[in-house]
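Listed here are the chains, written in short residue letters.
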Amino acid sequence: MRTIRLFGLLLIMGLFFTACSDDDPDPDPDPITQPDADPDSDSDPDPDTGLPSGWLTGYRVESPQGQLYYMEASENILGETNVSNAVELGFGARILSFGENPYTWNDEAGTLTKWSVDRTTLEFSIEGIISFASVGISGNVGFGTRFVSETKAYIPNIREGVIVEFNPSLMEITSVVNFDFPFPNSANGFYFNNQIYVPETEKFIFGINYFPEVCCEYDGPDAYTILVFDTATNTVEVKQDQRLLIGEEALIRSDDGFIYISPGLGQAVSKKYLDNVPAGPSSEFNVLRMDLDGNFDPDYNLDLESTLSKEFARAFEIAPSGNVRPFIQPNSDFADNWNDRFSIFGDFPEWSVVGVNYATGAVEPLTVFDGFNYVTLPSNIDGVDYAVVGEVEVIVDGDTEVSREISYFARVEDGFNLTLLTRNEGGTIRRVAKLW
Amino acid sequence: MRGYAIIMFMFITSYPLLAQRTVKIEGRIMDGKGQPLPYANVLIESSGIGTVSEANGYYVLEQVPLGTTRVTVTVLGFQSETRTITVRRNTKGFDFRLEEGTEELEEVVVKGKSDTRKLRESAQAVTVVTTETVKLQTADLGDIMAKTEGVSVQRAGGLGSGARFALNGLSGDQIRFFYNGIPLDYSPYAFGLANVPVNAIERVEVYKGVVPIQFGADALGGAVNLVPPQTNKKLGGSVSYQTGSFGTHRATANLEHYNEGSGFFASLGGFYDYTDNNYKIDVAVPNELGQLEQFEVERFHDAYRAFGANFALGLRNKKWAKELSFEGYYGDYDNELQNSQAPGLIDAPQLGINNAVAGSPFGEVVFTSFSTGANLHYNVNPAPRWQIDLKTGYNYNERESFDVSNNLYNWFGEVVRVQNQPGEFGLADNLITKSENVFVRQQTTFEINERHTLNLSLSPTLGFRTADDLLIDGPFDPALDEGRLFDFVSGLEYRAELFKGKLENVAFVKNYRQGIRIESLDPSVDQVLVEERSVSNFGAGNGLRYAWSERFSTKLSYEFAYRLPRLDEIFGDGQLIQENLELRPENSHNVNLQWNYVNRETARVQWQVQGNFFLRRIDDLIFLVVDANDFGVFENVWSATSEGVEFSGRVANILGGLSLSGNVTYQEYRNTSDTGPFTQFRDDRIPNVPYFFANGAAEYGFEDLFKQEDGLSLFWNLRHVGAFFVGWESGGLQQFKAEVPDQTVHNAGITYRMDIGKVQNSITLEGHNLADAKVFDFFGVQRPGRAVFVKLTTQF
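Given the structure is predicted, the values throughout are model-derived calculations rather than measurements. (Residues numbered from 1 in each chain as written. Chains lettered and ligands numbered in written order. Predicted model: local features only at pLDDT ≥ 70, side-chain atom pairs only at ≥ 80, totals over all residues.)

A word on the overall build of chain B
Across its full length, chain B holds four helices and 48 strands. The C-alpha radius of gyration of chain B comes to 27 Å, within 12% of the 28 Å expected for a compact globule of 796 residues. For chain B, the spread of C-alpha atoms along the principal axes amounts to about 85 × 60 × 45 Å. Put simply, chain B has 796 residues, and 46% of those count as buried. Pairs at least 24 residues apart make up 64% of the contacts formed inside chain B by residues separated by at least 6 positions. (Helix = DSSP H or I, 4+ residues; strand = E, 2+ residues; numbered from the N terminus. Rg over C-alpha atoms; globule rule 2.2 N^0.38 Å. Buried ≥ 20, exposed ≤ 12 C-beta atoms within 10 Å, placed from the backbone. Contact = placed C-beta atoms within 7 Å.)

Focus: the sheet that holds strand β12 (residues 189–198) of chain A
All names here are of chain A. Across the sheet, which stays open at both edges, the four strands sit in the order β12-β13-β14-β15 with antiparallel pairing between neighbours. With one partner strand each, in any of the chains shown, β12 and β15 (235–241) form the two edges of the open sheet. On average, adjacent strands in this sheet sit at an angle of 25 degrees to one another, irrespective of strand direction. Note: β12 against strand β13 (residues 203–212), 10 bridges, orientation antiparallel. Paired with N193 across the strands is I208, a residue of β13. (Pairing = 2+ DSSP bridges. Axes fitted to C-alpha atoms, helices over the stretch in contact; angles between N-to-C directions.)

Quick notes on unusual backbone geometry
Residue C216 of chain A follows C215 of chain A across a cis peptide bond; omega there is 15 degrees. Phi at F499 of chain B is positive, roughly 50 degrees, even though this residue is not glycine. Within the secondary structure, F499 of chain B is located in the loop between β31 (482–498) and β32 (503–522). Judged by local crowding, F499 of chain B falls into the exposed class, with 10 C-beta atoms found within 10 Å. Despite not being glycine, D772 of chain B has its phi angle at roughly 55 degrees, a positive value. Counting through the fold element by element, D772 of chain B comes out in the loop between β45 (759–768) and β46 (776–778).

A few points about the sheet that holds strand β16 (residues 252–253) of chain A
Residues and elements named next belong to chain A. Taken together, four strands build an open sheet; the order of strands is β16-β17-β18-β19 and the sheet is antiparallel. Each edge of the open sheet carries a strand with a single partner, namely β16 and β19 (302–303). In this sheet, strand β17 (residues 259–261) lies alongside β16 in antiparallel orientation, the contact comprising two bridges. Pairing of I252 across the sheet is with Y260, part of β17.

A closer look at the interface of chain A and chain B
Accessible area lost during the coming together of the parts is what is often quoted as the interface size. On the side of chain B, 71 residues touch chain A, which itself brings 72 residues to the contact. A per-class count over the side of chain A that touches chain B returns 36 nonpolar, 24 polar and 12 charged. (Nonpolar A, V, L, I, M, F, W, Y, C, P; charged D, E, K, R; others polar.)

So, helix α2 (residues 265–273) of chain A
Residues and elements named next belong to chain A. Most of α2 sits inside the fold, with eight of its nine residues counted as buried. Those residues of α2 lying buried are L265, G266, Q267, A268, V269, S270, K271 and Y273. Looking at the buried residues of α2, the elements they touch are β13 and β20 (314–315).

Regarding the environment of S369 of chain B
All names here are of chain B. Take S369: it is sitting in strand β25 (residues 365–380). Overall, S369 belongs to the partly exposed group, with 19 C-beta atoms counted inside 10 Å. For the pair S369 and G331, spaced 38 residues apart in the sequence, the C-alpha separation amounts to 8.3 Å. The contacts of S369, once residues within four sequence positions are left out, are F191, Y333, N397, E398 and R399.

Notes on the confidence of the model for chain B
All names here are of chain B. Scored by pLDDT, chain B has a mean of 88; 92% of the residues are at 70 or more. Counted against residues more than four places away or in other chains, residues 1–20, with its pLDDT under 50, gives 27 contacts. Within the model, the stretch residues 102–111 combines pLDDT values under 50 with 13 contacts to residues more than four positions away or in other chains. (pLDDT = per-residue confidence, 0-100.)

Things to note about the nonpolar core
Of all hydrophobic cores here, the largest spans 227 residues; its most connected members are Y70 and V164 of chain A together with L193 of chain B. Leave out the neighbours within four places in its chain, and Y70 of chain A touches Y59, V61, V83, A86, V87, E88 and L89 of chain A together with G731 and G732 of chain B. Membership of the second largest hydrophobic core comes to 18 residues, among which are V42, L43, I49 and V64 of chain B. (Core = buried A, V, L, I, M, F, W, Y, C linked by C-beta atoms within 7 Å.)

Focus on the pairing of strand β39 (residues 658–671) of chain B
Residue and element names in this part refer to chain B. Sheet topology note: the strand β38 (residues 632–654)/β39 ladder contains 13 bridges and is antiparallel. Residue E643 lies in a different strand from β39, and its bridge partner there is E668. What sits between the antiparallel neighbours β38 and β39 is a turn of three residues, in which L655 has the positive phi angle 50 degrees. Pairing between β39 and strand β40 (residues 692–703): nine bridges, direction antiparallel. Counted as the bridge partner of T665 is F693 from β40.

Some details on the environment of I577 of chain B
Residues and elements named next belong to chain B. Summarising the element assignment, I577 is placed in strand β35 (residues 577–578). Since 23 C-beta atoms lie within 10 Å of it, I577 is described here as buried. In sequence terms I577 and D389 are 188 residues apart; their C-alpha atoms lie 42 Å from each other.

Regarding the pairing of strand β14 (residues 203–208) of chain B
All names here are of chain B. Burial analysis of β14 places five of its six residues in the buried class, which makes it a mostly covered element. Bridge count for strand β8 (residues 126–130) against β14 is five bridges, and the pairing is antiparallel. Within the sheet, the bridge partner assigned to T127 lies in β14 and is V206. For β14 and strand β15 (residues 222–227), the ladder comprises six bridges, and the chain directions are antiparallel. The partner of Y207 across the bridge, within β15, is A223.

Some points on the environment of V354 of chain A
Residue and element names in this part refer to chain A. Within the fold, V354 resides in strand β22 (residues 351–357). Taking the number of C-beta atoms within 10 Å as the measure of exposure, V354 has 19 and is therefore partly exposed. A sequence separation of 39 residues divides V354 from A315, and the C-alpha atoms of the two residues are 9.5 Å apart. When near neighbours in sequence (up to four residues on either side) are disregarded, V354 contacts L308, F327, Q329, V363, E364, P365 and L366.

Here it is in structure tokens:
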């Protein structure tokens, strides 16, 4: 159970957003359109060949034994997933892609499988399998895989202190970089990381975060920490900034050329309940930014606590472009009791969503996310922004409530307007990519 | 707490003690040469008291009134004998020698029946598996149970491994296990049904969907009761020892004494199991480039050790008690774990990998557990037509998980990396869970007349649960939360025999009460938080048996049953799993329609066929609904229907000493959810559950092979399980779907028996999985290949 809890919390860091209050005034008519009747508009034929495009859709559904993962190929963006036409990937999988090839990660096996899709029949076949099990990479870490080119890709397990470079064409390990993780084992919490790859500098930036599991002694980092991995030299550099303690799950790159990090849930929980949390600027709710080499900008910080009048709020990324970022903020405060610390998440409470301009600190209300419980997986395909949004459908029968998740792949226009494209019942869409 | 204690005390102390004027008589039934005759009917005509002789010809008649009476002994192929006997207080018993009959006997109305036969011929939906023969062989109880129609046992390895027992599709908490009528967890065999030593069991009763009230349990899909042997000998006992492949050693011993004069009895038993489980499996090991190569390797961290002991002291057949006994027990086990139940199977023949495990093995994960306790049993006829049976006990058990190693192993048992993060299974874990339980199982039976009986059953259980995470220093350990669980299942049963015993009907109602209280220390405010919940539900059922003739009978049974939510399902884990105080019990409408046909008892070739149609309509099934943020809550979100047929048959005494038996089960266990997360898979089979399985067996016996008191039997067993999908059947393209393939396993062996005086000795040589088939019960978890075992058994 401990394992489940901890992995779960790690996943929380990757995904979170709940709907804002129905009581809030609605200054903006609902800009969300229902599932696109003609998703082909996003699926134009290849301008060079005139051939139909090929899309990959990965998603998961529930079963009595756990969440099962599937992927399917289609000529157009799907209006609805069709699990009978999909490749079953089993439990604990990740669906990735690069170029025309889907890749799937198997948590238990610690393997990455390379697939090909026939352009005519859309049939899948396995091209190769590479195992990372013996170099310390297995479990729920496949999401960190980053393809740099046809012949170069990386898969990190930062907490384990290892980054592996491999050749996706040959499906062979090229090199293994071991380094010392800068923090000792925590007795009361655990470390997790997020990452961003910067093509211009050929560097990975890994944000090191912490989440307390046991009350009431803080034993996390004393400053916000990043690791910068230079792929040119295979070296890892540790950088810290004292103006923040624990960061958010997302390192967000904006159009202004900076990478932003906002304070995380771990910082809010630590500050609220734990003893011996480092005092001073690091315990404040500051948004920081860094350049593409991972150098913190000493002249920038955005005090979220004064901006939003909240002790906790979280940023999420709806689309890769733009400088205005949505923040969710609870309408209630943290409970006084440690045992009730997650009550602000419980039972789909009412939340407020606001847009915060990183550059100016300006705040504006957003109602476009009303009714959704999460937004995740932002992507940009052929210059168009997309994201995955989800809602929970609740059927009330007498005193019985039965819920199920409905997930959508959505086109994001004009910053935040959503057009729902692909619908998946009973689980989250985990990947939509254009293969050709 | 105090109120519960008072209730239990009242149960224990409130029975009147009245005198009896009966004794027990015993003896042996033999042929003219002195060879024991099994299955002889022994009947006292005046009282209807009777029994059937055991394999060694031994019989016991309980509660025989003092005075002169007539005893009739009948057995197939022999002339019956009727003898007038005078039963006095000091009467011990009588032996009978029957002469072979040269003409077919007339059919005899058998009134005296063994417990097994009584159960089989009752209105209960029960299958009884006796261990008389199989206890001489080397299969473990999991394999034996898997040969039973309607039963599926999925094993995660060899001896000591985890097992999923399913009965007509339902499994896990939906099936309850008992040892002599009390929960199996409150016994020395608390480590799973499959690992209970066969020689410690006389028979296994499998109740299919309709569970008698005396078990006092929320058994949604049925119950399994393991019945230990009970001796009436002055001095009896048995010893067994088994050894063989994979470093396996299994031993049992028990010694029993009964003094008929004083009624005093005592028994002492114990068992010891050890296995390395180092059988070979196929694995895919990466080279330095990360490319997989397939190897066959021996498992290196899968050893299992268990031992236990129990004793009993008591008195029987006293004026004031049919039985008053006290027993104590202790059981202990250590179990190494080399992989999870989803070890990362890779099947890519084009890359040279054929169903091989690619995930890293565990080299140091260990689970340990012990269970200890004491039980008191009191049975009395306080007045004519009244009987009270009381069992009460205390149990304490601890389980510890130990997963703190930093070493990363490969499948050759080598450490390939010292990891930063301890923990092989997941994050480091060293958790001790502790449980204390006090229970009462009390039945009061009132015989309205010979044909009508009322039975009241009261079964309160009070349990305390807590834990200690040894990796957390200081007092603020979430595992230290204390849970208290009070289950009170009560039932009232009316049993009637009509039409001269042709029709038996059992109707019952049950009430399930559950009170849960959990206390957790909130360290942030240094305050104890208390949460409580209590519920009450009613269930009911009926069993009907009609004997259309001496040879053909049918049973129709029904129960509306419940499975009460567990503590963690209601209160969550205080982390990501939220509490749900509105969670309802799972419920099911269970129906069985059985028929049974036997040929004439006087025929030389004995055969029997039987069938069962079953239906389970299950609703409010509990499922952990996890949202995209990984916050979860247990909800009543799905429903299912399981329906199917079972056929079984056996024939004995053909071609001399040949016996054949077989059974087949086909079940449709399907999702019927109209709402909730499984809606789109409505009408699909429930994933990862076998739906077709069959068993066959043959045995040929030679008697008096080398001397008069020996015998040799050759036996062969076959088990086949049809392929089944791991995921939803309508999901996924067929060529990529994970599937547990067809499996067919052959076992065969030879047993030589030789009696020396009253001591019965046997030696068995047996081969398991003779074809060395690559067998999986769970996807990716390979089971042992070919193996050979030898077993020595002595009974006296």
